[in-house]
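If you want the building blocks of each chain, they are given just below.
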Amino acid sequence: MNLSEFTTFHLGGPAPDLTVARTRDDLIAFAEANGLAPGDRSMPDILLIGGGSNLLVSDAGFDGPVGVVATTGVTFTEISDTEMQVTAEAGESWDDFVAATLSSGLSGLEALSGIPGSVGATPIQNVGAYGTEVAELITSVEVYDRLSGQVRRLTAAELEFGYRTSALKRAARAAGTPAHIVLSVTFALPRGTDSLPVRYAQLAGALDVAIGTRVPALRVREAVLDLRRSKGMVLDEDDHDTWSAGSFFTNPIVESPEALAALPAEAPRFPVTDPLSGATIPGLTKTSAAWLIERAGFGKGYGFNDRASLSTKHTLALTNRGGATTSDVVDLARTIVAGVNERFGIVLEPEPTFIGTEI
């Protein structure tokens, strides 16, 4: 079986050892079967796939154990008159989960509508869009700790969320393989039909409201879905602009005053905030990867061939136009990184997880 069947890029070579975990017990059994050998502190290399929306897998595939996380289930627990605790199993479709919370009279996740993938992937990447990050609403994550061989519940503080990162992501990078397997994610969501305050200028414009306004959460969801569709960011098998991993590069965070001063005056500049407290972090400024890419000469639809290119709708997405290989996408990514670095002195960081390949 090829991993291209499990990724939104429709890319990835063979996987001879693949397990579909449909229950929590299946997932824990997969983890235990591929845990530490007695007396061995190194972890076997495994690949976990949820929605496959944040993966770029090599053409050679993956010859180790692959676990497809297909667990489902959502539990609602009363907290107070103003909040509800909601726990979702890791394999739940993220957008289906968002829709379910809104239909249950809860808000908070509306700006994260339309994002492909599974619930279990969201805390790893601290998924965010249109001014909201999951770090604001996650209270805990239940994981199988591969090092200890135990199921643990990690609090939001222990997850150490940052911009598009978390302790889970950093631990996986340090180990060279997932150090934790997410089993479920728990959120505290406000009761009510009004959205969180609208924080993102483009979304506020689409809603025709001022930043900071609360509007019906379902109205925010529809506006977000419309915006994402206009950028090719809502999955559609007939639209090759969606054969991607969404935003391929993170928005760069500029630390040095010299690098910030070197940016053109018209370059976007945004404050960097702590994902838990919302406080602005002094000395850090975020700029727009899409702006840098376009000003470095890479417009919508840019590519070397008819197999892989930037999206025709949005320069931040690299896409498979049909018949592409992973090598095609990697070559395109390398060219864009080099071009932006040459023009602005900023090295773009990829957002997807690379399996068996690198820029």
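As recorded in an unreviewed UniProt entry, the protein chain goes by UDP-N-acetylenolpyruvoylglucosamine reductase and comes from Brevibacterium casei. For the record of the protein chain, the UniProt heading Catalytic activity (unreviewed entry) holds the text "UDP-N-acetyl-alpha-D-muramate + NADP(+) = UDP-N-acetyl-3-O-(1-carboxyvinyl)-alpha-D-glucosamine + NADPH + H(+)". Its UniProt record gives the protein chain a comment under Subcellular location (unreviewed entry), which states: "Cytoplasm".

Engineer: Would you explain the packing of aromatic side chains in this entry?
Structural biologist: The description of an aromatic ring pair uses the distance of the two centres, along with the angle that the planes make with each other. The tally for this structure, following the rule as stated, stands at 10 aromatic pairs. Summarising the aromatic geometry, the rings of tryptophan 291 and phenylalanine 344 are spaced 5.8 Å apart at their centres and angled 50° between planes, so their arrangement reads as tilted. You can see tryptophan 291 sitting in helix α9 (residues 289-295) and its partner phenylalanine 344 sitting in helix α10 (residues 326-344), a full 53 residues away along the chain. Taken as a pair, tryptophan 291 and phenylalanine 344 share a single burial class, namely buried. Measuring from centroid to centroid gives 6.1 Å for tyrosine 302 and phenylalanine 304, while their planes differ by 75°, and the two rings are edge-to-face. Tyrosine 302 gets classed as partly exposed once you look at its relative accessible area, which sits at 27%. The exposure class of phenylalanine 304 is partly exposed, given its relative accessible area of 46%. By way of ring pairs, the aromatic residues Phe9, Phe248, Phe249 and Phe354 are connected into one cluster.

Engineer: What is the right way to look at the layout of surface pockets in this model?
Structural biologist: If you roll a probe as big as a water molecule over the atoms, it shows you where there is empty space left. Approximately 460 Å³ is the volume found for the second largest pocket. If you go around the second largest pocket, you meet 20 residues; those closest to its centre are Thr250, Asn251, Pro252, Ile253 and Glu349. Here the residues of the lining of the second largest pocket are counted per class, giving 10 nonpolar, four polar and six charged. Mapped onto the domain boundaries, the lining of the second largest pocket takes at least three residues apiece from domain 2 (74-230) and domain 3 (240-355).

Engineer: Help me out: how do you make sense of the domain arrangement of the protein chain in this one?
Structural biologist: Where interface size is given, it is often the accessible area lost as the parts come together that is meant. Structurally, the protein chain comprises domain 1 (3-69), domain 2 (74-230) and domain 3 (240-355). Spacing between the C-alpha centres of domain 1 and domain 2 amounts to 23 Å. Each partner contributes residues to the interface: domain 1 has 18 residues there, and domain 2 has 22 residues. Together, the buried faces of domain 1 and domain 2 total about 1,600 Å²; carbon and sulfur atoms form 63% of this surface. Summed over the shared surface of domain 1 and domain 2, the result is two salt bridges.

Engineer: Help me out: how do you make sense of the UniProt feature "active site" (unreviewed entry) in the protein chain in this one?
Structural biologist: Here the UniProt-annotated "active site" (unreviewed entry) positions come out as Arg164, Ser247 and Glu351. On the basis of their most widely separated C-alpha atoms, the annotated residues across 188 residues gather in one place, lying no more than 11.5 Å apart. Among the residues just listed, Arg164 line the second largest pocket. Note that arginine 164 resides in the loop between α4 (156-159) and α5 (167-175). The class of arginine 164 is buried, set by a relative accessible area of 12%. Separated by 3.0 Å, the side chain of arginine 164 and the backbone oxygen of glycine 128 make a polar contact. Mapped onto the elements, serine 247 comes out in the loop between α7 (217-230) and β12 (253-254). Looking at serine 247, the relative accessible area reads 25%, which means it is partly exposed.

Engineer: What exactly am I supposed to notice about the environment of serine 311 here?
Structural biologist: With respect to the helices and strands, serine 311 occurs in the loop between β15 (308-310) and β16 (318-320). As a C-alpha pair, serine 311 and lysine 300 span 11 residues in sequence and 5.8 Å in three-dimensional space. In this structure the side chain of serine 311 is engaged in a polar contact, spanning 2.9 Å, whose partner is the backbone nitrogen of lysine 313.

Engineer: Help me understand the sheet that holds strand β5 (residues 74-78) in this model?
Structural biologist: In a beta sheet, neighbouring strands are held together by backbone hydrogen bonds and run either parallel or antiparallel to one another. One open sheet holds the five strands; their spatial order is β5-β6-β11-β9-β10, and the pairing between them is antiparallel. Looking at strand neighbours, the two that pair on one side only are β5 and β10 (150-155), the edges of this open sheet. The average undirected angle you get between the axes of adjacent strands in this sheet is 20°. Looking at chain direction, strand β6 (residues 83-89) and strand β11 (residues 180-190) are connected through seven bridges and run antiparallel. Looking at the pairing, valine 86 lines up with phenylalanine 187 of β11. Running over the sheet, helix α1 (residues 24-33) touches β6, β9 (138-145), β10 and β11 and is turned about 140° from β11.

Engineer: How should the pattern of salt bridges be read in this particular structure?
Structural biologist: Here the idea is simple: oppositely charged side chains can pair when their charged atoms come close. Per the counting criterion, the structure on display carries 16 salt bridges. Across the pair arginine 152 and aspartate 145 runs a salt bridge, and its minimum N-O distance is 2.8 Å. Through salt bridges with shared partners, a single network forms among Arg24, Glu89, Glu142 and Arg153.

Engineer: I tried to follow the sheet that holds strand β2 (residues 47-49) on my own but got confused; where do I start?
Structural biologist: Pairing is parallel in the open sheet, where three strands are placed in the order β1-β4-β2. Looking at the sheet topology across the chains shown, the edges are occupied by β1 (18-21) and β2. Taken pair by pair, the neighbouring strands of this sheet meet at an average axis angle of 20°, ignoring direction. Two elements, β1 and strand β4 (residues 66-69), share four bridges in a ladder whose sense is parallel. Each residue of the ladder has a partner; that of valine 20, found in β4, is valine 68.

Conventions we followed
Residues numbered from 1 in each chain as written. Predicted model: local features only at pLDDT ≥ 70, side-chain atom pairs only at ≥ 80, totals over all residues. Heavy atoms only, no water. UniProt positions renumbered as here; feature names shortened; annotations may be inferred. Phe/Tyr/Trp six-rings, centres within 6.5 Å; stacked < 30°, edge-to-face > 60°. Helix = DSSP H or I, 4+ residues; strand = E, 2+ residues; numbered from the N terminus. Buried < 20%, exposed > 50% of the residue type's maximum accessible area, 1.4 Å probe, protein only. 1 Å grid on protein atoms, 1.4 Å probe; cavity = no way out; pocket = protein on both sides within 12 Å on 5 of 7 lines; lining within 4 Å. Points joined across faces, edges and corners; volume = space filled by probe spheres on them. Nonpolar A, V, L, I, M, F, W, Y, C, P; charged D, E, K, R; others polar. Domains from an automatic or database assignment. Contact = heavy atoms within 4.5 Å. Buried area = accessible area lost by both parts, 1.4 Å probe. Salt bridge = Lys/Arg side-chain N within 4 Å of Asp/Glu carboxyl O. Polar contact = N/O pair within 3.5 Å; in protein donor to acceptor, adjacent residues only side chain to side chain. Pairing = 2+ DSSP bridges. Axes fitted to C-alpha atoms, helices over the stretch in contact; angles between N-to-C directions.

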